[in-house]
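# Coordinate inspection notes
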Number of protein chains: 2
Amino acid sequence: MLTRIDHIGIACFDLDTTAEFYRATYGFEVFHTEVNEEQGVREAMLRINGTDDGGSSYIQLLEPVRPDSTVAKWLDKNGEGVHHIAFGTADVDAEAAAIGEKGVRVLYEEPRRGSMDSRITFLHPKDCHGVLTELVTSASPSATTDH
Amino acid sequence: MLTRIDHIGIACFDLDTTAEFYRATYGFEVFHTEVNEEQGVREAMLRINGTDDGGSSYIQLLEPVRPDSTVAKWLDKNGEGVHHIAFGTADVDAEAAAIGEKGVRVLYEEPRRGSMDSRITFLHPKDCHGVLTELVTSASPSATTDH
């Protein structure tokens, strides 16, 4: 079961400038930052609200850290904007398997590491009406609220 | 104050087909549908989760009902995908005024009617790092959960 909008992933050219825009304009503070070497991105998570499944909803800002990363290529083509959306679930393995059986292409054979030690996978946007869609299981309930 | 991710607006060619994809793939049911003549769209709201400000987060599917609507033109250019994101607030008038004073272009002089009798305005995507951003005040707390 998918129980929340976990985050909206937004690709940007400069993470610090964009995070400052979100802080100054809306009051959203950076909750967490990290570099995901595998994905080739530096990320900032801005926590927007808590959700009734015990998790949170975030804006995730993504800056490429190398020109061959998928986000760098995406930015070259599209410019800044919404890159993907993510739904939270308690069991990303089971959800990915069930959705894959329905004929939607799941991009990773096994879930990989996402922000804040979550486990993530992606669904092919061409199978999802143009929306790159991520499934996320948080590391632990406290990981979404405590650091 | 902006207190939640209210919705993610997704433009699609066929509302019924896309809503059925979201139901069959993820289990998300249609919570509400309406036509917004002013915006030139037919909308379906899929409620994903409750939020800790007493509201909800939705996926909003948008199908143009006339070829000159902004969503029709957007689809011609981009194909299906994420069209905008929306933050919820108790006071869209005050938020729009405060954000406008920071130099972000607010697209409506006064908030207009959005889904489920909400009051909405939009911020210019070029002032928001490429993201068309909506601000929403729900009609009433119960309107986000009761019908």
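Residues numbered from 1 in each chain as written. Chains lettered and ligands numbered in written order. Predicted model: local features only at pLDDT ≥ 70, side-chain atom pairs only at ≥ 80, totals over all residues. Heavy atoms only, no water.

## So, the overall build of chain A
The condition is simple: Secondary structure elements follow DSSP: runs of H or I of four or more residues count as helices, runs of E of two or more count as strands, with numbering from the N terminus. What makes two residues a contact is simply this: any of their non-hydrogen atoms within 4.5 Å. Surface accessibility follows the Shrake-Rupley procedure with a 1.4 Å probe radius. Residue values consider only the protein chains on display as shielding.
Across its full length, chain A holds three helices and eight strands. Contacts in chain A between residues at least 24 apart in sequence constitute 58% of all its contacts with a sequence separation of at least 6. Within the structure as shown, chain A displays about 6200 Å² of accessible surface, and the carbon and sulfur contribution to it stands at 50%.

## Focus on the sheet that holds strand S5 (residues 81-89) of chain B
Residues and elements named next belong to chain B. For clarity, the cut-off: A pair of strands is labelled paired if DSSP reports no fewer than 2 bridges between them. Angles shown run from 0 to 180 degrees and are taken between the N-to-C directions of axes, each axis being a line fitted to C-alpha atoms and, for helices, limited to the stretch in contact.
Reading across from one edge, S2-S3-S4-S1-S5-S8-S7-S6 is the order of the eight strands in this open sheet, with mixed pairing throughout. A strand with exactly one partner marks an edge of an open sheet, and here the two such strands are strand S2 (30-36) and strand S6 (112-113). Examined bridge by bridge, strand S1 (residues 2-11) and strand S4 (residues 56-64) share five bridges and lie parallel to one another. Counted as the bridge partner of Ile10 is Leu61 from S4. Across the face of the sheet, helix H1 (residues 15-26) comes into contact with S1, S2, strand S3 (41-50) and S4 while running at roughly 150 degrees to S4.

## Some remarks on H1 of chain B
All names here are of chain B. Rule in force here: To estimate how far a helix should extend, the number of its residues minus one is multiplied by 1.5 Å. Between buried and exposed lies partly exposed: a residue is buried under 20% and exposed over 50% of the maximum accessible area for its type, with that area taken using a 1.4 Å probe on protein chains only. The reported arc concerns the directions from the helix axis to the C-beta atoms and nothing else. Residues adjacent in sequence count toward polar contacts only when both atoms are side-chain atoms; beyond that, a polar contact is any pair of N or O atoms within 3.5 Å, and within protein one must be able to donate a hydrogen and the other to accept it.
With twelve residues, H1 should cover 16 Å at 1.5 Å per step; its first-to-last C-alpha distance of 16 Å lies within 8% of that length. Along H1, the positions that sit buried rather than exposed are Leu15, Thr18, Ala19, Phe21, Tyr22, Thr25 and Tyr26. Looking straight down H1, one finds that the buried residues subtend no more than 150 degrees of arc, so they occupy a single side. Between the side-chain oxygen at the start of H1 and the backbone nitrogen of Asp16 there is a gap of 3.2 Å, and the oxygen is on Asp14. Positive phi shows up at Gly27, right after H1, with a value of about 85 degrees.

## Side note on the interface of chain B and chain A
Threshold: By convention, the term buried area covers the 1.4 Å-probe accessible surface removed from two parts as they join, with the contributions of both added. Salt bridges are identified by distance alone: a Lys or Arg side-chain nitrogen within 4 Å of an Asp or Glu carboxyl oxygen.
At the interface, 38 residues of chain B touch 38 residues of chain A. Approximately 3100 Å² of surface area, both sides summed, lies buried where chain B meets chain A, with 68% of it carried by carbon and sulfur atoms. Sorting the residues of chain B by area buried against chain A places Ile5, Tyr26 and His129 of chain B first, and these three jointly supply 22% of that buried surface. Summed over the shared surface of chain B and chain A, the number is zero salt bridges. Connecting chain B to chain A are twelve residue pairs in polar contact (both at pLDDT 80 or more). Taken together, the elements giving at least two residues each to the side of chain B that touches chain A come down to S1, H1, S3, S4 and S5 of chain B. Of the residues forming the side of chain B that touches chain A, the biggest block, seven residues, is contributed by H1 of chain B.

## Here's the deal with the environment of Gly81 of chain A
Within the secondary structure layout, Gly81 of chain A lies in strand S5 (residues 81-89). When its relative accessible area of 3% is taken as the criterion, Gly81 of chain A is described as buried. Spatially, the C-alpha atoms of Gly81 of chain A and Gly9 of chain A are 8.7 Å apart, while their sequence positions differ by 72 residues. Aside from chain neighbours lying at most four places away, what touches Gly81 of chain A is Gly9, Ile10, Ala11 and Trp74 of chain A together with His129, Gly130 and Val131 of chain B.

## A short note on the UniProt feature "domain: VOC" (unreviewed entry) in chain A
As a reminder of what qualifies: UniProt positions are given in the numbering used here, feature names are shortened, and annotations may be inferred rather than shown by experiment.
Summarizing the sequence annotation, UniProt attributes the feature "domain: VOC" (unreviewed entry) to residues 4-138 of chain A in the numbering used throughout. Here residues 4-138 of chain A is 23% helix and 41% strand, with 12 Å between the C-alpha atoms at its ends.

## So, the nonpolar core
Quick note on the threshold: Working definition of a nonpolar core: buried Ala, Val, Leu, Ile, Met, Phe, Trp, Tyr and Cys residues. They are joined through side-chain atoms within 4.5 Å.
Formed by 54 residues in total, the largest nonpolar core has its most connected members in Tyr22 and Ile59 of chain A together with Tyr22 and Ile59 of chain B. Beyond its immediate chain neighbours, meaning those up to four positions away, Tyr22 of chain A contacts Ile10, Gly27, Phe28, Leu46, Ile59 and Leu61 of chain A together with Phe87 and Val131 of chain B.

## A short note on the relation of the copies chain B and chain A
Defined as follows: To superpose the copies, least squares is applied to the C-alpha atoms of every residue with a pLDDT of at least 70 in both.
It takes a turn of 180 degrees to lay chain B on chain A, together with a shift of 0.0 Å along the axis; the resulting RMSD is 0.0 Å. The relationship between the two copies is best expressed as a two-fold rotation axis. The position closest to the rotation axis in chain B is occupied by the C-alpha of Thr51 of chain B, lying 2.3 Å away. Comparing interface residues between copies, 100% of those in chain B also lie at the interface in chain A; the contact surface is shared.

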